[in-house]
Amino acid sequence: MSASGSSKCERIVRVLSSHYGKIPWWPGDTDEVLIGAVLTQQTRWENVEQALLALKERNMCTLSALHGAEPVNIEDAIRCTGFYRVKTKRLKELAQHITEQYGGIQGMNPRPTQELRRGLLGVYGIGAETADSILCYGFNRTSFVIDAYTRRICICLGIVAKGEELKDLFEHVLPEDNSAYRQTHAHIVEYAKEFCGKNRCEECILKNSGE
DNA sequence: GACCAGGTCCTTG
DNA sequence: CAAGGACATGGT
């Protein structure tokens, strides 16, 4: 009889938290988080940072600036993140959605999380991970981010839930506290970079710590 | 030169 | 519904 998905999730949260403690993750104002969330799709964060700098140098690192910018100028700034044409289109769509629906980022603050999430998921190029990253790191909401690392680790540990089910599992286990959501996702990424994909799976702390 | 990166969308079987 | 391809640059 193997442990249930939720007790395995609970253990992931607990073990990683005691191992890594508090770590800084995804700093920046709301505009930067929104833009970074799109740019980091299938892309290393170091490349995203360069693109954010390039956007800042051009005074284009805000959603309203991107809303009015020429696509070619956005493309030039974000080329180093790859997929630069589709990402430019996605940023434009996101800026348009927020401007039209809420009159800007400020207008989103009073709205409930689920309403914001539905709206974001309706935008071309914004899927579950990007939407939840925006909500969790940009608007301090309790919306848990499921990324490729999280899926990989959960499969590795025999957790069968996937997609929205996996998100629900973690959200039932976590306290209703944004910093817990941030930290747990940060821990998972940190852990995955350290142990997954480098043939170090067998020494990983989740498999070897007790039980 | 091959392979992958903090996804998403579209097309096929 | 699962699987495969497209989107593109930069690092290992």
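Details of the structure are given in the entry above.
Just so you know, these numbers come straight off a predicted model, no measurement behind them.

Asks: Please explain the overall build of chain A as it appears in this structure.
Replies: Along its length, chain A carries 12 helices and zero strands. Start at the N end of chain A and walk to the C end: the helices and strands fall as α-α-α-α-α-α-α-α-α-α-α-α. Its C-alpha atoms give chain A a radius of gyration of 18 Å, near enough to 17 Å, the size a compact globule of 211 residues would have. Across the 211 residues in chain A, those meeting the buried criterion constitute 47%. Within chain A, residue pairs in contact and separated by at least 24 positions form 63% of the contacts whose partners lie at least 6 positions apart. Element-wise, carbon and sulfur atoms account for 49% of the exposed surface of chain A, whose accessible area totals about 10,800 Å².

Asks: Mind showing me how you'd approach the protein's contact with DNA strand B here?
Replies: Close to DNA strand B lie 21 residues; Trp26, Gln42, Gly127, Thr130 and Tyr149 are nearest. Between a phosphate oxygen of DNA strand B and a main-chain N or O atom of Ala128, the distance comes to 3.5 Å. Contact between DNA strand B and Arg152: a phosphate oxygen at 3.5 Å from a side-chain N or O atom of the residue. Among the secondary structure elements, those contributing two or more residues to the surface near DNA strand B are α8 (128-138) and α9 (148-156). Across the surface near DNA strand B, the residue classes break down as nine nonpolar, seven polar and five charged.

Asks: So what exactly am I meant to see when it comes to the packing of helix α5 (residues 71-78) against helix α6 (residues 84-102) here?
Replies: When two helices pack together, you describe them by how their axes are tilted relative to each other and by the distance separating the axes. Where α5 contacts α6, the axes come no closer than 9 Å and their chain directions differ by 125°. By the criterion of interaxial angle, the relationship of α5 to α6 is oblique. In this structure, the crossing between α5 and α6 has a hand that is right-handed. Facing α5, whose interface residues are Pro71, Ile74, Glu75 and Ile78, α6 presents Tyr84, Arg85, Lys87, Thr88, Leu91 and Lys92.

Asks: I tried to follow the protein's contact with DNA strand C on my own but got confused; where do I start?
Replies: In the vicinity of DNA strand C, the contacting residues are Arg44, Asn47, Arg79, Cys80, Gly82, Phe83, Tyr84, Arg85, Val86 and Lys162. Across the atoms of DNA strand C situated within 4 Å of the protein, the share located in sugar and phosphate is 55%. Contact between DNA strand C and Tyr84: a phosphate oxygen at 3.5 Å from a main-chain N or O atom of the residue. A distance of 2.7 Å separates a phosphate oxygen of DNA strand C from a polar atom in the backbone of Arg85. A per-element tally of the surface near DNA strand C places α6 first, with three residues. Here the residues of the surface near DNA strand C sort into four nonpolar, two polar and four charged.

Asks: Sorry if this is basic, but what is going on with the nonpolar core here?
Replies: Across soluble globular proteins, you tend to see nonpolar side chains buried next to one another. Ile12, Ile35, Leu39, Leu55, Ile153, Phe170 and Tyr191 are the most contacted members of the largest nonpolar core, which has 67 residues in total. Per-element accounting of this core gives the leading share, seven residues, to helix α11 (residues 178-195). Sequence-distant contacts of Phe170, defined by excluding residues within four places in its chain, comprise Cys9, Ile12, Val13, Phe144, Ile146, Thr150, Cys154 and Ile188.

Asks: Before we go on, may I ask you to explain helix α3 (residues 45-57) in this structure?
Replies: Every α-helix winds through 3.6 residues per turn, so residues three or four apart in the chain are directed the same way. Taking 1.5 Å as the rise per residue, α3 with 13 residues should run 18 Å; its terminal C-alpha atoms sit 18 Å apart, in good agreement. Here α3 has its buried residues at Val48, Ala51, Leu52, Ala54 and Leu55. One side of α3 holds all its buried residues, which, seen down the axis, span an arc of 160°. Turned more than 90 degrees away from the buried face of α3, the exposed residues are Leu53 and Glu57. Close packing links the buried residues of α3 with α2 (30-39), α4 (63-68) and α5. In the segment just after α3, Asn59 is the residue with positive phi, at about 55°.

Conventions we followed
- Residues numbered from 1 in each chain as written.
- Chains lettered and ligands numbered in written order.
- Predicted model: local features only at pLDDT ≥ 70, side-chain atom pairs only at ≥ 80, totals over all residues.
- Heavy atoms only, no water.
- Helix = DSSP H or I, 4+ residues; strand = E, 2+ residues; numbered from the N terminus.
- Rg over C-alpha atoms; globule rule 2.2 N^0.38 Å.
- Buried < 20%, exposed > 50% of the residue type's maximum accessible area, 1.4 Å probe, protein only.
- Contact = heavy atoms within 4.5 Å.
- Areas by Shrake-Rupley, 256 points an atom, 1.4 Å probe, with all protein chains shown as cover.
- Near = heavy atom within 4 Å.
- Polar contact = N/O pair within 3.5 Å; in protein donor to acceptor, adjacent residues only side chain to side chain.
- Nonpolar A, V, L, I, M, F, W, Y, C, P; charged D, E, K, R; others polar.
- Axes fitted to C-alpha atoms, helices over the stretch in contact; angles between N-to-C directions.
- Parallel < 35°, antiparallel > 145°, perpendicular 65-115°, else oblique.
- Left-handed = near helix turned anticlockwise from the far one by under 90°.
- Core = buried A, V, L, I, M, F, W, Y, C linked by side-chain atoms within 4.5 Å.
- Expected span 1.5 Å × (residues − 1).
- Arc of directions from axis to C-beta.

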